[in-house]
Amino acid sequence: MKKFGSILLSLVLAVSVLAGCGSTGQKASSGSGTQVGIVLPTKDEPRWLQDQKQFETLLTEAGFTSEVLFSQGSSATEKTNVESLITSGIKVLVICAQDASAAGAAVEAAKDAGVTVICYDRLITGTDAVDYYVTFDSVAVGVAQGQYLIDNKPEGSGIPLYLYAGAATDNNAFLFFEGAWSVLQPYIADGTFVIANSSEAVALQDKNELTYDEKSKILGQVTTDWDFNTAKSKAEAHLTANDASMKGDVLILAPNDGTSRAIADAFAADADVSSYVITGQDAELASINYIQAGKQSMTVFKNTSTLAADSVAMAKSVLNGETPKTDTTYNNGNVDVPSKQTDVTVVTADNYKSVLVDSGYYTQADIDSAQ
Ligand code: BGC
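Rules and cut-offs
- Think of each chain on its own: its residues are numbered from 1, step by step along the sequence as written.
- Given that the model is predicted, a residue must reach a pLDDT of at least 70 before its local features are reported, and side-chain atom pairs must reach 80 or more before they are shown or counted; all residues, however, enter totals for whole chains, interfaces and linings.
- Remark: hydrogens and water are excluded; side-chain values derive from all non-hydrogen atoms of the structure.
- For each structure, a 1 Å grid was placed over the protein atoms alone; sets of points admitting a 1.4 Å probe that cannot get out are labelled cavities, open sets with protein on both sides within 12 Å along at least five of seven lines are labelled pockets, and lining residues have an atom within 4 Å of a point.
- Grid points are joined across faces, edges and corners, and a volume is the space filled by probe spheres set on the points.
- Polar here means any residue other than Ala, Val, Leu, Ile, Met, Phe, Trp, Tyr, Cys and Pro, which are nonpolar, and Asp, Glu, Lys and Arg, which are charged; Gly is therefore polar.
- An automatic or database domain assignment supplies the start and end points of every domain.
- Here a strand is any run of E in DSSP of at least two residues, a helix any run of H or I of at least four, and the numbering for each starts at the N terminus.
- Three labels apply to residues, based on accessible area from a 1.4 Å probe with only protein chains included: buried if under 20% of the type maximum, exposed if over 50%, partly exposed otherwise in between.
- The criterion for a residue being near a molecule or strand is simple. One of its heavy atoms has to lie within 4 Å of it.
- Polar contacts, as used here, are pairs of N or O atoms within 3.5 Å; protein pairs need one atom able to donate a hydrogen and one able to accept it. Residues neighboring in sequence count only if both atoms are side-chain atoms.
- Areas reported here follow the Shrake-Rupley algorithm with a probe of radius 1.4 Å; residue values treat only the protein chains shown as occluding.
- Here the expected length of a helix is defined as 1.5 Å per residue gap, with one fewer gap than residues.
- We call two residues in contact whenever any of their non-hydrogen atoms come within 4.5 Å of each other.
- Joining two parts hides part of their accessible area as seen by a 1.4 Å probe, and the buried area is that hidden amount summed over both.
- Should a side-chain nitrogen of Lys or Arg be within 4 Å of a carboxyl oxygen of Asp or Glu, the pair is scored as a salt bridge.
- The rule is short: rings of Phe, Tyr and Trp, with Trp giving its six-membered ring, pair when the centres are within 6.5 Å, and they are stacked under 30 degrees, edge-to-face over 60, tilted in between.
- We call a charge positioned above a ring when the Lys NZ or Arg CZ atom is no farther than 6 Å from the ring centre and deviates by at most 35 degrees from the ring normal.

### Regarding the layout of surface pockets
So, point 1. By volume, the largest pocket amounts to about 260 Å³.
So, point 2. Surrounding the largest pocket, 16 residues form its lining, T42, E45, D225, W226 and D227 being those nearest its centre.
So, point 3. Among the residues making up the lining of the largest pocket, the classes are represented as five nonpolar, five polar and six charged.
So, point 4. Counting contributing residues per domain, the lining of the largest pocket is built from domain 1 (25–130 + 304–341) and domain 2 (138–302 + 347–369), each supplying no fewer than three.
So, point 5. Empty space within the second largest pocket amounts to approximately 150 Å³.

### Digging into unusual backbone geometry
So, point 1. One non-glycine residue, D225, lies in positive phi territory at about 60 degrees.
So, point 2. Following the sequence through the fold, D225 ends up in the loop between α8 (212–222) and α9 (228–241).
So, point 3. Relative accessible area serves as the criterion here: at 47%, D225 is assigned to the partly exposed category.

### Quick look at the site of the ligand
So, point 1. In the vicinity of the ligand there are 13 residues, among which E45, R47, D121, D170 and D282 approach most closely.
So, point 2. D170 has a polar side-chain atom sitting 2.6 Å from an oxygen atom of the ligand.
So, point 3. In the environment of the ligand, an oxygen atom lies 2.8 Å from a nitrogen or oxygen atom belonging to the side chain of N256.
So, point 4. Taking 310 Å² as the accessible area of the ligand by itself, protein coverage stands at 100%.
So, point 5. Within the residue set of the shell around the ligand, elements represented by two or more residues are α2 (46–62) and α6 (171–189).
So, point 6. Among the residues forming the shell around the ligand, the class breakdown is three nonpolar, three polar and seven charged.

### Comments concerning helix α12 (residues 304–319)
So, point 1. Between its terminal C-alpha atoms α12 stretches 22 Å, which fits the 22 Å expected from 16 residues at 1.5 Å a residue.
So, point 2. Along α12, the residues classified as buried are T304, L307, A308, D310, S311, V312, M314, A315, S317 and V318.
So, point 3. Taken together, the buried residues of α12 touch β2 (36–40), α2, β4 (92–95), β5 (116–120), β6 (132–136) and β13 (336–342).

### Looking at the domain arrangement of the protein chain
So, point 1. Once the domains are mapped, the protein chain shows domain 1 (25–130 + 304–341) and domain 2 (138–302 + 347–369).
So, point 2. Contacts between the two partners involve 16 residues from domain 1 and, on the opposite side, 14 residues from domain 2.
So, point 3. Counting the surface lost from both domain 1 and domain 2, the interface buries some 1200 Å², and carbon and sulfur atoms represent 41% of this.
So, point 4. Seen at the junction of domain 1 and domain 2, the total is two salt bridges.
So, point 5. K302 is the partner of D121 in a salt bridge, and the nearest nitrogen-oxygen pair spans 4.0 Å.
So, point 6. Here domain 1 and domain 2 share nine residue pairs in polar contact (both at pLDDT 80 or more) between them.
So, point 7. At the level of secondary structure, the elements contributing two or more residues to the side of domain 1 that touches domain 2 comprise α2 and α12.
So, point 8. It is α2 that contributes the most residues to the side of domain 1 that touches domain 2, four residues altogether.
So, point 9. Here the residues of the side of domain 1 that touches domain 2 are counted per class, giving four nonpolar, six polar and six charged.

### Thoughts on the packing of aromatic side chains
So, point 1. Summed over the entire model, instances satisfying the criterion amount to nine aromatic pairs.
So, point 2. Here F301 and Y361 contribute two aromatic rings whose centre-to-centre distance is 4.7 Å and whose plane-to-plane angle is 75 degrees, an arrangement assigned as edge-to-face. On the criterion of sequence distance, the pair formed by F301 in strand β11 (residues 299–301) and Y361 in the loop between α13 (352–357) and α14 (364–369) is long-range, its members being 60 residues apart. Exposure class is identical for F301 and Y361. Each is buried.
So, point 3. Both rings, one in Y361 and one in Y362, keep their centres 4.9 Å apart while their planes meet at 65 degrees; by these two values the pair is edge-to-face.
So, point 4. The class for Y362 is buried, based on a relative accessible area of 7%.
So, point 5. Each residue in the set F301, Y361 and Y362 is aromatic and connected to the rest through ring pairs, giving one cluster.
So, point 6. The cationic tip of K295 hangs over the ring face of Y290; the distance from NZ or CZ to the ring centre is 4.2 Å.

### Overview of empty space enclosed by the protein
So, point 1. All chains considered together, the criterion is met by two cavities of 30 Å³ or more.
So, point 2. A volume near 100 Å³ is recorded for the largest cavity.
So, point 3. Looking at the lining of the largest cavity, the elements that each hand over two or more residues are α2 and α6.
So, point 4. Partitioned by chemical class, the residues of the lining of the largest cavity number three nonpolar, three polar and seven charged.
So, point 5. Here the lining of the largest cavity spans two domains, since at least three of its residues come from each of domain 1 (25–130 + 304–341) and domain 2 (138–302 + 347–369).
So, point 6. Taken together, Q145, Y164, A165, A173, F176, F177, L253 and P255 make up the full set of residues lining the second largest cavity.
So, point 7. Sort the elements by how many residues they give to the lining of the second largest cavity and α6 lands first, with three residues.
So, point 8. When grouped by side-chain class, the residues that make up the lining of the second largest cavity number seven nonpolar, one polar and no charged.

### Things to note about the environment of T77
So, point 1. Note on placement: T77 falls in helix α3 (residues 75–87).
So, point 2. For T77, a relative accessible area of 17% puts it in the buried group.
So, point 3. Residues T77 and P41 lie 36 residues apart in sequence; the distance between their C-alpha atoms is 9.7 Å.

As structure tokens, then:
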């Protein structure tokens, strides 16, 4: 009996280890089954740990049983995560997809099981199985990045502009780039800026509104895949390929904080680069330190507590049999998805204290300990 008990215990442990693959396996509260499942792309980028923290706090406060799982950059793990949440009995799935189109199969399985699907931050494309979308204004993120470069450009014309973008599998990467290009392009067209690292962007430099295919061509050259190492080696390759005439005082469109720090390190190491202005987004702690040290110029703060709160409010409505409040729609190629959109804030060395510390989002100790 004792032996059977311990075998049973080992089995239960083994199954729970397997089920928690790529996850923190966090249960916000116990109960008969999980009501809300959250699937986030990866633990390896600080951005998503911010979201995890907000969800765990808010869902516990709301009294829901919930579980947060991470896909660790794999669509296959993402699908397994969704399946295990379906088995746990979730009624609402909040999912930030690893790959916009590959995630279709996972959410279709959820939909077939009667689960309401909320896309979180990244839209899942090419499927009907998306009920709602909670997002930041991603085009506005790109506009803010581009406008910052314009407002902080060196004097004169012919200023080298290095363009970088996110992963082509992420719909947001296109929205960020679209926003940035919309404001940068007139300055490229009139010769104030000279694109330093993309022949595809040069070929399209007289066009302000790009088609999806045109953006794809540029992204094909300047994508970082949201990966720090890819970002760094791409930046190094661009610097090696260019001579001093494309260096000096330069502008760099970097899509987010992790890639910004990596690209900034590469530019700082080049003796022919005398100064650079570089963008970011996510207000990651490490980037606040880079900003304080003058190594990154700005970030775009996306308040994950607002986004998580919007998702929890939506889940609450769904569980109460009500229709969640939305304020816009996003087309995912198949359907117009009712969406709730949140504004973003530019953060620099001048305002990070008031925006991030005084608001209670971070403590100064959080920032200092990330140094
Ligand atoms: C998010 C960004 C994030 C990036 C990389 C995007 O979809 O909107 O905040 O930096 O993915 O994870």
